[in-house]
Amino acid sequence: MIQAVDHVALLPLYAAAGTALLVLVVELAFGRFHLLAGMFGGLATAVVAVAVPEHAATFCRESLCSWTVTPHAALMAVLFAGLTIGVLALSAPALRRGYAPPGEFCFLLTCAMTGGLVVAYAGDLITLIVGLETLTLPLYVLTGLRRVRESTAGAAAAVTFFLISVVSTAVALLGAALLYAGTGALHLDALVEGSGAYAPLAAVGAALVVIGFAFKVAAVPLHAWAPATYDGAPVPVAAYLSTASKLGGVLALAAVVQRLDTGPLVAVLAVLTMTVGNLVALRQTRMVRLLAWSSIAQAGYIIAPLAAGAAGVRAAYAYAVFFVLLEFVAFAAIAALRGPGMDGGDLDDYRGAGRRSPWLGAALVLAFAGLAGLPPGLAGLFAKVAVVESLIASGWGWLAGVVALNAVIALAYYVRAGAVLYAVPQPAGIPVATPAGEGAAPVAVLDPDLLDAAAPRPVVTRPVAVSIAVAAIAAATVGFVPQAIFNALSG
């Protein structure tokens, strides 16, 4: 028997979709106030997500529901809303200077937020895939949405992202169809391993769904789109791709693997992802590409506990929350240091940036330390401990060892990137002073303070400063009280 629609359970979706409509109406009526409308709607969405009673559900047939309200769904909805507000704030300076159409930008970003909420609350495969595509589709356009083009990198990145995502969606849909043919179920709570003559069909379907969703988290060998897309997109959009889009992929993967026997496949993907991501990141000289390969490696850490099925979901969710906060801080600090409309630049462009802008440098170091699992980024440390503990408790000790080994490898590039921030600036054509050997010509000594004073300092607008401060405080807070996140995921 089909139950009546529970509109209270749908309030977060109404708030998110209403935000997109509000931005569109504001654009048509006033031609301005897009950012304020988007931020206000994002805040309202977060508040509504927290206020909706737990365990509400709708679109139910008997005990199976397509929309379910759970504690972890509410937490993820708040994250999607918060990331949307943060990216809108980071984009404010560039939008005001006309680097992109502000109305279209805000509308597309809030549509992506709506898709993220659908993924968080989805109770069946069709709703899950529709939500994931609603999250991803606007990002194709946002990646290449620029009025001022100094190169074709943005357009090329958007096309690459679009083509590979279309393939991944087709693979996931084919897998869902085979799963339905093999199990007769689409609701997540009814997914079981196939039996009898249909068991091989269901197994192939489960593998294809995992592979399709693995594209979304840029898992190796399905990762080729990520570095070029991140580097070609505007830095705030790259921040959303690396956080919200990846979070949606993780939620979709976790929803499936905790109910099906896909442990060996997920373990292979995790090992390849974290190892290749870390090894290639060691050789990167561009900041956003380094973070792109780093986020690929981080995706490996996130999906590693999912090899244990339902036993590892809580650890994967916790790591995803900690990662999203730290990754956003990193991209936000880069956006502030580089300025409106600029790309991520080379590592050498950040030489001495921490000396000239101590607070931005401190925020970026906090993000790097957290992603590496070092103090003061305690959130990243607790995340890695939770993953390793979950794997050992589930009998996947060898995979926990691979996670620990890769965490050590990652220290090299995080420390290198952090050290560049406080290195002495070296103007082009002027050598940094070195001690003169016996009989050698004297070398002029350059005062580091004078070099710092001569270098341009970034002008940080209030929205950008507030978004960085809030994200950094949130990352530091969960580092000191990580149990709050684990408690929120326990319901």
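What you see is a predicted model; the values in this text were computed from it and never measured.

**Some words on the overall build of the chain**
In step 1: Of regular secondary structure, the chain possesses 19 helices and two strands.
In step 2: For the chain, the C-alpha radius of gyration of 23 Å lies close to 23 Å, the compact-globule estimate for 491 residues.
In step 3: Overall size of the chain, expressed as C-alpha extent along the three principal axes, is 90 × 60 × 40 Å.
In step 4: When each of the 491 residues of the chain is scored for burial, the buried share is 56%.
In step 5: Long-range pairs, those at least 24 residues apart, make up 78% of the contacts in the chain with a sequence separation of at least 6.
In step 6: Surface exposure of the chain reaches about 19,400 Å², of which carbon and sulfur atoms provide 69%.
In step 7: Counting 22 positive and 22 negative side-chain charges, the chain places the averaged centre of each group 7 Å from the other.

**Regarding the pairing of strand 2 (residues 64–68)**
Each regular strand carries side chains that alternate between the two faces of the sheet.
In step 1: Bridging between strand 1 (residues 57–61) and strand 2 involves four bridges; their strand directions are antiparallel. Along strand 2, the bridge assignment pairs Ala-57 with Thr-68.
In step 2: Where strand 1 hands over to strand 2, the hairpin turn is made up of two residues, of which Glu-62 adopts a positive phi near 60 degrees.

**What about the state of the cysteines?**
In step 1: Evaluated as defined, the whole model comprises one disulfide.
In step 2: The structure places no disulfide on Cys-106, whose sulfur is separated from the nearest cysteine sulfur, that of Cys-111, by 11 Å.
In step 3: According to the relative accessible area criterion, Cys-106 is buried, its value standing at 0%.

**With respect to the packing of helix 11 (residues 287–303) against helix 12 (residues 313–338)**
In step 1: At a minimum axis separation of 10 Å, helix 11 and helix 12 run at an interaxial angle of 175 degrees. In terms of orientation, helix 11 and helix 12 fall into the roughly antiparallel class. Of the residues in helix 12, those touching helix 11 at Met-287, Val-288, Leu-291, Ser-295, Gln-298, Tyr-301 and Ile-302 are Ala-316, Tyr-319, Ala-320, Phe-323, Glu-327, Ala-330, Phe-331 and Ile-334.
In step 2: The class makeup of the residues in the contact of helix 11 with helix 12 is 12 nonpolar, two polar and one charged.

**Re unusual backbone geometry**
In step 1: Residue Val-220 is joined to Pro-221 through a cis peptide bond whose omega torsion reads 5 degrees.
In step 2: With respect to the element layout, Pro-221 can be found in the loop between helix 7 (199–216) and helix 8 (225–232).
In step 3: Positive phi is not limited to glycine here, since Phe-59 has a value of about 55 degrees.
In step 4: Here Phe-59 falls in the partly exposed class, since its relative accessible area comes to 44%.

**Here we look at the nonpolar core**
Where a protein is soluble and globular, its nonpolar side chains tend to be buried together.
In step 1: Counting 167 residues, the largest nonpolar core has Met-76, Tyr-121, Leu-128, Phe-213, Tyr-240 and Leu-306 as its most contacted members.
In step 2: For Tyr-240, the residues in contact, after removing those within four places along its chain, are Phe-80, Leu-83, Thr-84, Val-87, Leu-109, Ala-112, Met-113, Leu-135, Leu-139 and Ser-245.

**Some details on helix 5 (residues 125–144)**
In step 1: Over its 20 residues, helix 5 runs 30 Å from end to end, which matches the ideal 28 Å to within 8%, given 1.5 Å per residue.
In step 2: Across the 20 residues that make up helix 5, a large majority, 15, are buried.
In step 3: Between a side-chain oxygen at the N-terminus of helix 5 and the backbone nitrogen of Ile-126 the separation is 3.0 Å; the capping residue is Asp-124.

**Focus on the packing of aromatic side chains**
Two numbers describe a pair of aromatic rings. These are the distance of the centres and the angle of the planes.
In step 1: Applying the stated criterion across every chain, the model contains 11 aromatic pairs.
In step 2: Summarising the aromatic geometry, the rings of Tyr-140 and Phe-161 are spaced 5.0 Å apart at their centres and angled 85 degrees between planes, so their arrangement reads as edge-to-face. Taken together, the residues span a long stretch of sequence, with Tyr-140 in helix 5 and Phe-161 in helix 6 (residues 153–183) at a distance of 21 residues.
In step 3: Relative accessible area serves as the criterion here: at 2%, Phe-161 is assigned to the buried category.

**Let's talk about a nonpolar patch on the surface**
In step 1: Taken together, the side chains of Val-159, Phe-162, Leu-163 and Val-166 present a nonpolar region at the surface, about 340 Å² in accessible area.
In step 2: Within the secondary structure, Leu-163 is located in helix 6.

**Observations regarding the pattern of salt bridges**
When the charged atoms of two side chains with opposite charge come close together, those side chains can pair.
In step 1: Taken as a whole and judged by the stated rule, the model has seven salt bridges.
In step 2: In this structure, Glu-133 engages Lys-216 in a salt bridge whose closest nitrogen and oxygen atoms are separated by 3.1 Å. Residue Glu-133 is located in helix 5, and its partner Lys-216 is located in helix 7; the two are separated by 83 residues in the primary sequence. Neither residue differs from the other here; Glu-133 and Lys-216 are each classed as buried.
In step 3: The closest approach of N and O atoms between Arg-286 and Asp-231, which form a salt bridge, is 2.9 Å. Of the two residues, Arg-286 is situated in the loop between helix 10 (263–281) and helix 11 and Asp-231 in helix 8; the sequence distance between them amounts to 55 residues.
In step 4: Overlapping salt bridges, with partners in common, bring together Asp-231, Arg-286, Arg-289 and Asp-346 in one network.

**Some words on the confidence of the model for the chain**
In step 1: Within the chain, residue pLDDT values average 86, and 90% of them lie at 70 or more.
In step 2: Taking the mean pLDDT of every element in the chain, the minimum, 52, falls on helix 17 (residues 448–454) and the maximum, 94, on helix 10.

**Side note on the packing of helix 9 (residues 235–257) against helix 12**
In step 1: The geometry of helix 9 relative to helix 12 is characterised by a closest axis approach of 9 Å and an angle of 175 degrees between their N-to-C directions. Judged by the angle between their axes, helix 9 and helix 12 are roughly antiparallel. In this structure, helix 9 contributes Val-235, Ala-238, Ala-239, Ser-242, Thr-243, Lys-246, Leu-247, Val-250, Leu-251 and Ala-254 to the contact, and helix 12 contributes Val-313, Tyr-317, Ala-320, Phe-323, Val-324, Glu-327, Phe-328, Phe-331, Ile-334 and Ala-335.
In step 2: Residue composition of the contact of helix 9 with helix 12, grouped by class: 16 nonpolar, two polar and two charged.

**A closer look at the side chain of Ser-168**
In step 1: Note that Ser-168 resides in helix 6.
In step 2: Exposure remark for Ser-168: the relative accessible area of 1% places this residue in the buried category.
In step 3: Not counting chain neighbours up to four residues away, the residues in contact with Ser-168 comprise Gly-212, Phe-215 and Lys-216.

Criteria and thresholds
Residues numbered from 1 in each chain as written. Predicted model: local features only at pLDDT ≥ 70, side-chain atom pairs only at ≥ 80, totals over all residues. Heavy atoms only, no water. Helix = DSSP H or I, 4+ residues; strand = E, 2+ residues; numbered from the N terminus. Rg over C-alpha atoms; globule rule 2.2 N^0.38 Å. Buried < 20%, exposed > 50% of the residue type's maximum accessible area, 1.4 Å probe, protein only. Contact = heavy atoms within 4.5 Å. Areas by Shrake-Rupley, 256 points an atom, 1.4 Å probe, with all protein chains shown as cover. Lys, Arg positive; Asp, Glu negative; His and termini not counted. Charge placed at Lys NZ, Arg CZ, Asp CG, Glu CD. Pairing = 2+ DSSP bridges. Disulfide = S-S within 2.5 Å. Axes fitted to C-alpha atoms, helices over the stretch in contact; angles between N-to-C directions. Parallel < 35°, antiparallel > 145°, perpendicular 65-115°, else oblique. Nonpolar A, V, L, I, M, F, W, Y, C, P; charged D, E, K, R; others polar. Core = buried A, V, L, I, M, F, W, Y, C linked by side-chain atoms within 4.5 Å. Expected span 1.5 Å × (residues − 1). Polar contact = N/O pair within 3.5 Å; in protein donor to acceptor, adjacent residues only side chain to side chain. Phe/Tyr/Trp six-rings, centres within 6.5 Å; stacked < 30°, edge-to-face > 60°. Patch = residues over 30% accessible without salt bridge, like charges linked within 9 Å, V, L, I, M, F, W, Y side chains within 5 Å. Salt bridge = Lys/Arg side-chain N within 4 Å of Asp/Glu carboxyl O. pLDDT = per-residue confidence, 0-100.

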